[in-house]
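What the coordinates show
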Amino acid sequence: MCPLLFCSSRSASQLVCLRGCPLKFAGTSDPSVPRHHGSHPAFLGPLSLVQSALKCCSFSSECCSALCLFPSRPSLVIPPPFRPDHHLNEFPLLSRSAAGAQDIIAVMPAAVINLNGSSSHSPVQSVPSHVRSICCIGAGYVGGPTCSVIALKCPHIKVTIVDVNPVRIAAWNSDVLPVFEPGLDAVVRECRGRNLFFSTDIDKAIQEADLIFVSVNTPTKTSGVGKGFAADLHYVEASTRRIASVATSSKIIVEKSTVPCRTAASMRTILESNSSYTADGTLISFQILSNPEFLAEGTAIRDLMAPDRVLIGSLDTQQGKAAANALSEVYQNWVDPTKIYQTGLWSSELSKLAANALLAQRISSINSLSAICEATGADVDEVAHACGLDARIGPKFLKASVGFGGSCFQKDILNLVYLSESLGLSEVADYWHQVIKMNEYSKSRFARKVVSTLFNTITMKKIAVLGFAFKKDTGDTRESAAITLCKYFRQERAQISIYDPKVTTNQIMLDLTEPGVLDDSQAVQQQVKIATSMKEACEDAEAVIICTEWDEFRDATAQDWDEIYRSMKKPAFVFDGRGIVDAKVLRSVGFKVHAVGKGPLIVDPIWA
Ligand SMILES: NC(=O)C1=CN([C@@H]2O[C@H](COP(=O)(O)OP(=O)(O)OC[C@H]3O[C@@H](n4cnc5c(N)ncnc54)[C@H](O)[C@@H]3O)[C@@H](O)[C@H]2O)C=CC1
Ligand SMILES: O=C(O)[C@H]1O[C@H](OP(=O)(O)OP(=O)(O)OC[C@H]2O[C@@H](n3ccc(=O)[nH]c3=O)[C@H](O)[C@@H]2O)[C@H](O)[C@@H](O)[C@@H]1O
């Protein structure tokens, strides 16, 4: 006899198994069995029994369509959509075994959800066609500035930015914002308290919102499958599950985080598998959009105010398009409609990875050429300019450097490499991986040049590092080339003095300490000193290393450099990793200068 209980539809008295076995149904009088739309479960029992019953019974859309899980609390009812054509493995809760062996599973005779996400039985609440309230999950470098600008440009929309990190939220509510970004303070000052709010009350903000941006971090995985390459999506999944569990009305969910191609499908499965009903019994629904962010740090406000394009990916369905139009309407408050490009979901997701890969590829390309320039006497700036004059190539993003940094280029390319490998496209994976390898090479080549030039040893020598952020006009140090260089100098047992106008001492110390290495933080304290000015950093140093292109380094006068030169040990070297100083001026002051991508004959004869 089949051990599972079946209740044919709304009557607890008609007890019969789908295979016709006689059954007794004990569950319906049990107060812990939830009622859903007034219905009793079609199946009820522990997970393993439900699974075996699902295997042995043929399903019909009339009798059961949704699955409920109520492990410990009867109130935790999570009814995912179930299509009659679903294979058992597609049954989200069962295949991912969100349920434990002892959990009781009920299959409810509820709505039949078809492929388009609409219900053929229960009424479904559509997502809003106009946005009056926005929630942004993730108050980071992207969520904060992006939604602050939306609040500025859309005073009729209430924008609430939420985060699990109370310290971050407190900072957003203070006079010292957690993100340094030119122009951001003014935007936040104008909108905060008007239609812009920062909060840790995530559930309330979710419930109030018509549209939710998911703008959480998606770092490279550091363990498990795909370690070192794949994106860690657990923050995205946690946010999605939270939305599903607390939403009380239909919503547009927008992927703002950079994610691997087809992540929207996973989010959709989670949301649909866990969606609930409104107070009046209508099934709530979600439309998922991809709206990747293309802002660059340091110019975020400018990029957000006047974006090259706004990309919105949606499902090619009526509901999908309607949701995309609702988001487009938000942007049209300040963005020209011709700049808003609507695509399919997967194209939009992939375009973000592709754009970053193509940008980083240009930098690795010019950096590879800078090595040839240094070996031949060519000047990389001249080469870049000459190439960039070709309209097909264009002049931007061809500035040779010590190597690119930032939180995204490396992680997104590694993600693309992983995606290509997973698709069996190993040649494609190798191709993009080379962009990262070239970047690593650029950093190590530069570091080796410093050591070899300083007579093959920097042990106990003072090295001044100017700039620690990964680029100017940001306090962000993620993947900064300065970290790689300083770690290299630490291994060579140099004394390092660092000055950056925006990066805090704590952040620098944290970045330079090897995690898990005993006493390393003390060693860093002894080896690394933080200066409060460029001149202080350079005093008594043997070499100055320019890692970040801050304006104050570029704009230092001949007199400033002369003062620095006089305070340093001789010979005094400058290694310009950003190509920002005038080598001729510095040489006239007395420095030996090495600039990335400048041949020795042009810069200085010391390496000839
Ligand atoms: N930083 C940048 O310039 C750009 C980043 N992106 C992408 O945007 C996404 C976010 O990046 P960032 O803002 O730089 O990251 P971030 O690390 O600065 O901020 C992410 C925030 O999300 C919060 N968070 C994580 N899980 C949460 C949850 N379940 N509930 C509530 N809050 C949660 C974290 O506490 C953190 O404050 C990433 O996918 C990134 O690739 C895209 C374009 C530019
Ligand atoms: O997805 C992201 O996170 C973002 O990544 C980059 O923005 P970001 O990393 O903030 O800054 P970039 O200006 O792109 O600079 C990245 C790194 O490349 C270096 N770079 C840039 C340009 C160049 O010509 N040469 C060069 O070495 C910069 O100094 C920096 O270290 C992209 O430019 C953004 O469009 C994208 O949204």
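Bear in mind the structure is a predicted one, so any value in this text is a computation, not a measurement. (Residues numbered from 1 in each chain as written. Chains lettered and ligands numbered in written order. Predicted model: local features only at pLDDT ≥ 70, side-chain atom pairs only at ≥ 80, totals over all residues. Heavy atoms only, no water.)

Observations concerning unusual backbone geometry
Peptide bonds are, in most cases, trans, and in most cases residues other than glycine have a negative phi. Which entries qualify depends on this criterion: Secondary structure elements follow DSSP: runs of H or I of four or more residues count as helices, runs of E of two or more count as strands, with numbering from the N terminus. Burial classes follow relative accessibility: with a 1.4 Å probe on protein chains only, a residue under 20% of its type's maximum area counts as buried, one over 50% as exposed, and anything between as partly exposed.
Residue proline 571 follows lysine 570 across a cis peptide bond; omega there is 0°. Checked against the element boundaries, proline 571 lands in the loop between α20 (558-567) and β18 (573-576). A positive phi angle, near 65°, is found at methionine 460, a position not held by glycine. Mapped onto the elements of the fold, methionine 460 is located in the loop between α14 (426-453) and β14 (462-466). Despite not being glycine, glutamate 479 has its phi angle at roughly 60°, a positive value. In this fold, glutamate 479 is placed in the loop between β14 and α15 (481-491). Glutamate 479 gets classed as partly exposed once you look at its relative accessible area, which sits at 39%.

Quick look at the site of ligand 1
Selection rule: To be near a molecule or strand, a residue needs just one of its heavy atoms within 4 Å of it. Polar contact is the term for a pair of N or O atoms within 3.5 Å; when the atoms are in protein, one must be able to donate a hydrogen and the other to accept it, and sequence-neighboring residues count only if both atoms are side-chain atoms. The Shrake-Rupley method, run with a 1.4 Å probe sphere, supplies the accessible areas, and residue values consider only the shown protein chains as cover. When residues are grouped by polarity, Ala, Val, Leu, Ile, Met, Phe, Trp, Tyr, Cys and Pro land in nonpolar, Asp, Glu, Lys and Arg in charged, and all others, Gly among them, in polar.
As a structural note, the neighbourhood of ligand 1 is formed by 26 residues, with Val142, Asp163, Arg168, Thr218 and Lys411 the closest of them. At 3.0 Å, a backbone N or O of tyrosine 141 approaches an oxygen atom of ligand 1. Between ligand 1 and valine 142 there is a distance of 2.9 Å, counted from an oxygen atom to a backbone nitrogen or oxygen. Relative to its unbound accessible surface of 830 Å², ligand 1 loses 91% to contact with the protein. Considered class by class, the residues forming the shell around ligand 1 number 9 nonpolar, 10 polar and 7 charged.

Side note on the confidence of the model for the protein chain
Cut-off, in case you're wondering: Values of pLDDT, which run from 0 to 100, indicate the predictor's confidence residue by residue. Between two residues, a contact is recorded if the distance between any of their heavy atoms is within 4.5 Å.
Across the protein chain, the average pLDDT comes to 85, with 78% of residues at or above 70. pLDDT under 50 marks residues 109-120. Its contacts with residues more than four places away, or in other chains, come to 43 contacts. In the model output, the complex is listed with pTM 0.83 alongside ipTM 0.99.

Details of the pairing of strand β12 (residues 310-314)
Heads up, the rule is: Criterion used throughout: strands pair if DSSP finds at least two bridges between them. Every crossover in which the path from the first strand over the helix to the second runs clockwise, viewed with the strands pointing away from the viewer, is termed right-handed.
Counting buried positions over the 5 residues of β12 gives 5, a clear majority of the element. Pairing geometry for β12 and strand β13 (residues 340-344), over 5 bridges, is parallel. When the sheet's bridge partners are listed, serine 314 is paired in β13 with glycine 344. Taking the sense of rotation as the criterion, the β-α-β connection linking β12, helix α10 (residues 318-331) and β13 turns out right-handed.

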